[in-house]
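Listed here are the chains, written in short residue letters.
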Amino acid sequence: MFSEATLARFAREVAKYPPEQKQSAVMACLSIAQQEQGWVSPEAEAGIAEVLGMPAIAVREVTTFYNMYNQRQTGKFKLNVCTNLPCQLRNGQGALEHLCSKLGVQDGGTTADGLFTVQQCECLGACADAPVMLVNDRQMLSYMSNDRLDELVDTLAAHAKQGA
Amino acid sequence: MTLDLSKFQTTGQETCFHDRHINPQIYAGLNGRNWGIADYEARGGYQALRKILAQDGGEGMTADQVIAEVKASGLRGRGGAGFPTGLKWSFMPRALPVQKYLVCNSDEGEPGTCKDRDILFYNPHIVIEGMIIAAYAMGISVGYNYIHGEIFEVYERFEAALEEARAAGYLGANILGSKHSFQLHAHHGFGAYICGEETALLESLEGKKGQPRFKPPFPASFGLYGRPTTINNTETFGAVPWIIRNGGQAYLECGKPNNGGTKIFSMVGDVERPGNYEVPMGTPFSALLALAGGVKGGKKLKAVIPGGSSSPVLPAEVIMACTMDYDSIAKAGSMLGSGAVIVMDETRCMVKSLLRLSYFYSHESCGQCTPCREGTGWLWRMVQRIEHGEGRADDLALLDNVAENIMGRTICALGDAAAMPVRGMLKHFRHEFVHHIEHKTCTVPAYI
Ligand SMILES: NC(=O)C1=CN([C@@H]2O[C@H](COP(=O)(O)OP(=O)(O)OC[C@H]3O[C@@H](n4cnc5c(N)ncnc54)[C@H](O)[C@@H]3O)[C@@H](O)[C@H]2O)C=CC1
Ligand SMILES: Cc1cc2nc3c(=O)[nH]c(=O)nc-3n(C[C@H](O)[C@H](O)[C@H](O)COP(=O)(O)O)c2cc1C
Ligand code: SF4
Ligand code: FES
């Protein structure tokens, strides 16, 4: 299921906890799997359960509890825009709507070319930078005016083209 | 080809390096590039640790002396509840021969709050040093910093800082040749507001879904893996090195009685210059607002949510008479909470504002307690129909009633956090809700 390199990344996380508490590494392992495969598949859950010596259902409970785990495949770029009140006061909702209409998707939807998924989300802990968003769970982008959103979409699309 | 999005990323200039802090202790001397260990040491970093371990001559400090100094400082928990930190540390059964744990709560997810992110990203070693000192004071050898999942770059930066501290001998076995050993690791969340609640955080750290536990027992007696555990907020730990270097009395005097030191306020919403401002406790709200450039576009101030989204809203005339400290804000009928100051100008509709918060709390309820699970959804649906012109005559009484029946009847304070904004809005802005119900329109329809 997992490559040697991935298993090494898991091991680094497991080492942080007491030997009898390997389960503590489950969140980190799931996020590594998601980073490498784009989502958390049932196979990945089963594989992690085995690595950590815990029941697969206990892994599933974690996947379904936390907002950021993708329980199905998303576009190549998952874009989360915060629309909570502090952001809403600085056009967070507007940013979400701009992205959706530019890409022709609804909140939660993925573009037909499989490049972009757009989702609203709750407070990212960066409220003073609103509108703020997160790209593929890892990169936070700030002050996303409509112009900057347009530029971002172009940048990402160009990157995908070059990669292809 | 790697994807470079740096041009869309913040540099911290607006939120942290604006030179508009007053007597900063945690944000002092930062510029975004000097987060590393050498720069931290050049700013006086790790001197407090050296002092207690008697590294630079001196007599060192005993664990009791460290706790006494923190008690004298009047430092209160910066995570929102304002519990006295020195007192909390003294609960730790130091002599008990079992593994004990120290946990830093960096799960900052209270809407409006963005201070811990800037501490960890631009000054990570101040938190590491504060935790090493806390561990020394409580006889703890293992610690974790639980970092909000959405700020992944901060988690990576913190891990890099941990490596530096280990290489320099500040972390690990026999720190600087002393008898004190302390291992510290970073752990990240992955998107669940409730994991900021300390017992939910512990469950999460144990690799489970983050559902709060009953308190008592408090973590001090039954914490991580069932062991005695002390949990403090990032900013709380960040205050400790300054206190040890300069003395508890000096810290206390920097603020006001019972409210020692500085506090970082996240000024968000309708202000000209949103960002974090570190100022002494007891600074007038009007002065803080002026630091943030005043209300955006020169508009009139309508209301302020003074301590994160779960604190009750205060109308302009009430907040303008407050100073920013636990006691003053409590007296005005709200709470200082996490220090997120959400500013709203005269064009803002309170029904619409409450609607977004009510959605948030119902979405983030962990579902364990019926009053919270059902009540938060009920509140949200009612506010929604009022906002959309479908409110009923008896809805306000029902809102009051549901909010009241959540308060105090749940395992954790998320239930209260959902109910308090509702009660605050109805107390001060009831007329807007009445208008929505009677006229099916908004008093300030321009709000987008
Ligand atoms: N920073 C953020 O993002 C957020 C902060 N909050 C804040 O959290 C606050 C509520 O937090 P809670 O942890 O529920 O408050 P709490 O009052 O139960 O506890 C505060 C701290 O004191 C300790 N403590 C209290 N009494 C104790 C005793 N008798 N023995 C030993 N330890 C004791 C607790 O363990 C805890 O660490 C709210 O006031 C809110 O402002 C809420 C949401 C998010
Ligand atoms: C729903 C909820 C969310 C919370 N979120 C946070 C948080 O993100 N960060 C934090 O430090 N404390 C948070 N708290 C408060 C913690 O439970 C705890 O009081 C705090 O971490 C203790 O540290 P302190 O004494 O240094 O403030 C939250 C409490 C509740 C009820
Ligand atoms: S009050 Fe709400 S969030 Fe807290 S334990 Fe109960 S159901 Fe969960
Ligand atoms: S409310 Fe949007 S990042 Fe906090």
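As shown above, the structure is provided for reference.
What you see is a predicted model; the values in this text were computed from it and never measured.

A. Structural context of the pairing of strand β4 (residues 229–233) of chain B. Residues and elements named next belong to chain B. The element β4 is largely enclosed, with a buried count of five among its five residues. Burial along β4 is two-sided: the face carrying Thr229, Ile231 and Asn233 and the face carrying Thr230 and Asn232 are both buried. Of the strand pairs in this sheet, strand β1 (residues 101–106) and β4 are connected by five bridges, and their pairing is parallel. Among the inter-strand pairings, valine 103 is bridged to a residue of β4, identified as isoleucine 231.

B. The sheet that holds strand β2 (residues 116–121) of chain A, seen in detail. Residues and elements named next belong to chain A. Here four strands make up an open sheet; going across it, the order is β2-β1-β3-β4 and the pairing mixed. Strand pairing shows two members of the sheet lacking a second neighbour, β2 and β4 (139–141), which therefore form its edges. Adjacent strand axes in the sheet meet at a mean angle of 25 degrees, parallel and antiparallel pairs treated alike.

C. Region of the structure containing a nonpolar patch on the surface. All names here are of chain B. A surface patch of nonpolar side chains, about 260 Å² in accessible area, is lined by Phe83, Leu87 and Phe91. By the secondary structure assignment, phenylalanine 91 is in the loop between α4 (85–90) and β1. With a relative accessible area of 44%, phenylalanine 91 lands in the partly exposed category.

D. A look at the site of ligand 3. Every one of the 13 residues lining ligand 3 counts as a neighbour, but B:Cys366, B:Gln368, B:Cys369, B:Cys372 and B:Cys412 are closest to it. Its residues placed into classes, the shell around ligand 3 shows eight nonpolar, five polar and no charged.

E. Representation of helix α14 (residues 350–364) of chain B in the model. For α14(B), which comprises 15 residues, the first-to-last C-alpha distance of 21 Å matches the rise-based estimate of 21 Å (1.5 Å per residue) to within 8%. Within α14(B), twelve of the 15 residues are buried, leaving the element largely enclosed by the surrounding structure. Taken as a whole, α14(B) has its buried residues at B:Met350, B:Val351, B:Ser353, B:Leu354, B:Leu355, B:Arg356, B:Leu357, B:Ser358, B:Phe360, B:Tyr361, B:Ser362 and B:Glu364. Looking at the buried positions of α14(B), the neighbouring elements they touch are α5 (85–88) and β2 of chain A together with β8 (301–305), β11 (340–345), α15 (370–387) and α17 (414–439) of chain B.

F. Structural detail: the interface of chain A and chain B. Contact residues are listed per partner, giving 57 residues for chain A and 72 residues for chain B. The interface formed by chain A and chain B contains six salt bridges. Its salt-bridge partner being B:Glu159, residue A:Lys16 comes within 2.9 Å of it at the nearest N-O pair. Between chain A and chain B we count 27 residue pairs in polar contact (both at pLDDT 80 or more) in total. When contributions to the side of chain A that touches chain B are tallied by element, the ones reaching two or more residues are α1 (4–14), α2 (26–37), α4 (56–65), α5, β2, β3 (133–135), β4 and α7 (146–163) of chain A. It is α7(A) that provides the largest number of residues to the side of chain A that touches chain B, a total of seven residues. Split by residue class, the side of chain A that touches chain B holds 29 nonpolar, 17 polar and eleven charged.

G. Molecular detail of the side chain of B:Thr236. Residues and elements named next belong to chain B. Turning to its location among the elements, threonine 236 is positioned in helix α9 (residues 234–246). Classification of threonine 236 by relative accessible area gives buried; the value is 1%. A distance of 2.9 Å separates a polar side-chain atom of threonine 236 from the backbone nitrogen of arginine 78. Here threonine 236 is in contact with Leu75, Gly77, Arg78, Gly79 and Thr85, once residues within four sequence places are set aside.

H. The arrangement of the packing of α14(B) against α15(B) in detail. All names here are of chain B. Contact geometry for α14 and α15: axes closest at 8 Å, N-to-C directions at 155 degrees. In terms of axis orientation, α14 runs roughly antiparallel to α15. Judged by the twist between their axes, the crossing of α14 over α15 is left-handed. On the side of α14, the interface is formed by Val351, Lys352, Leu354, Leu355, Ser358, Tyr359, Tyr361 and Ser362, while α15 contributes Thr376, Gly377, Trp380, Val383, Gln384, Ile386 and Glu387. In terms of residue class, the contact of α14 with α15 is built from eight nonpolar, five polar and two charged.

I. Spatial organisation of the packing of helix α3 (residues 63–73) of chain B against helix α6 (residues 124–138) of chain B. All names here are of chain B. The N-to-C vectors of α3 and α6 enclose an angle of 120 degrees; their axes lie 7 Å apart at closest approach. Comparing their axes, α6 and α3 come out oblique. In this structure, α3 crosses over α6, and the sense of that crossing is left-handed. Here Ala63, Val66 and Ile67 of α3 come into contact with α6, specifically with Ile133, Tyr136 and Ala137. Here the residues of the contact of α3 with α6 sort into six nonpolar, no polar and no charged.

J. Region of interest: the nonpolar core. A:Tyr66, B:Trp89, B:Ile128 and B:Phe182 are the most contacted members of the largest nonpolar core, which has 117 residues in total. Excluding residues that lie within four positions of it along the chain, A:Tyr66 makes contacts with A:Met27, B:Tyr146, B:Phe190, B:Gly191, B:Ala192, B:Cys195, B:Ser204, B:Lys208, B:Lys209 and B:Gly210. In this structure, B:Leu379, B:Val383, B:Val422 and B:Leu426 belong to the second largest nonpolar core, which totals 35 residues.

K. Summary view of the site of ligand 2. Residues and elements named next belong to chain B. Every one of the 18 residues lining ligand 2 counts as a neighbour, but Gly79, Lys88, Asn232, Asn233 and Thr236 are closest to it. One nitrogen or oxygen atom from the main chain of glutamate 108 is found 3.4 Å from an oxygen atom belonging to ligand 2. Interatomic distance of 2.7 Å between a side-chain N/O atom of asparagine 233 and an oxygen atom of ligand 2. Burial of ligand 2 by the protein chains amounts to 89% of its free accessible area of 610 Å². The element that contributes the greatest number of residues to the shell around ligand 2 is β4, accounting for three residues. Taken together, the residues that form the shell around ligand 2 break down as four nonpolar, eight polar and six charged.

Conventions adopted
- Within every chain, residues take consecutive numbers counted from 1 along the sequence as written.
- Whichever chain is written first is A, and whichever ligand is written first is 1; the rest continue in order.
- Under the rules for a predicted model, residues below a pLDDT of 70 receive no local features and side-chain atom pairs below 80 are neither given nor counted, while totals for whole chains, interfaces and linings still include all residues.
- Neither water nor hydrogens contribute to the side-chain values; these are computed over all heavy atoms in the structure.
- Type-normalised accessible area, obtained with a 1.4 Å probe on protein chains alone, sets the label of each residue: buried when under 20%, exposed when over 50%, and partly exposed for intermediate values.
- Only DSSP runs of H or I reaching four residues or more are called helices, and only runs of E reaching two or more are called strands; each is numbered from the N terminus.
- Pairing between strands is defined by DSSP: at least two bridges between the two strands are required.
- Orientation is described by axes fitted as lines to C-alpha atoms, over the contacting stretch for helices, and by angles from 0 to 180 degrees between their N-to-C directions.
- To count toward a patch, a residue needs a relative accessible area above 30% and no salt bridge. Like charges then connect within 9 Å, nonpolar side chains (Val, Leu, Ile, Met, Phe, Trp, Tyr) within 5 Å.
- The protein chains shown are the only cover counted for residues, whose accessible areas, like all others here, come from Shrake-Rupley with a 1.4 Å probe.
- In what follows, salt bridge is the name for a side-chain nitrogen of Lys or Arg lying within 4 Å of a carboxyl oxygen of Asp or Glu.
- Put simply, a residue is near a molecule or strand once any heavy atom of it comes within 4 Å of that molecule or strand.
- Ten residues, namely Ala, Val, Leu, Ile, Met, Phe, Trp, Tyr, Cys and Pro, are considered nonpolar, four, namely Asp, Glu, Lys and Arg, are considered charged, and the remaining ones, Gly among them, are considered polar.
- The span expected for a helix works out to 1.5 Å for each residue beyond the first.
- Note on definitions: a residue-residue contact is assigned when non-hydrogen atoms from the two residues lie within 4.5 Å.
- Under the rule applied, a polar contact is a pair of N or O atoms within 3.5 Å (in protein, one hydrogen donor and one hydrogen acceptor; residues adjacent in sequence only if both atoms are side-chain atoms).
- Working definition: roughly parallel below 35 degrees, roughly antiparallel above 145 degrees, roughly perpendicular at 65 to 115 degrees, and oblique for all remaining angles.
- Handedness of a helix crossing follows the sense of rotation of the near helix relative to the far helix, less than a right angle counterclockwise being left-handed and clockwise being right-handed.
- Side-chain atoms within 4.5 Å link the members of a nonpolar core, which is a set of buried Ala, Val, Leu, Ile, Met, Phe, Trp, Tyr and Cys residues.

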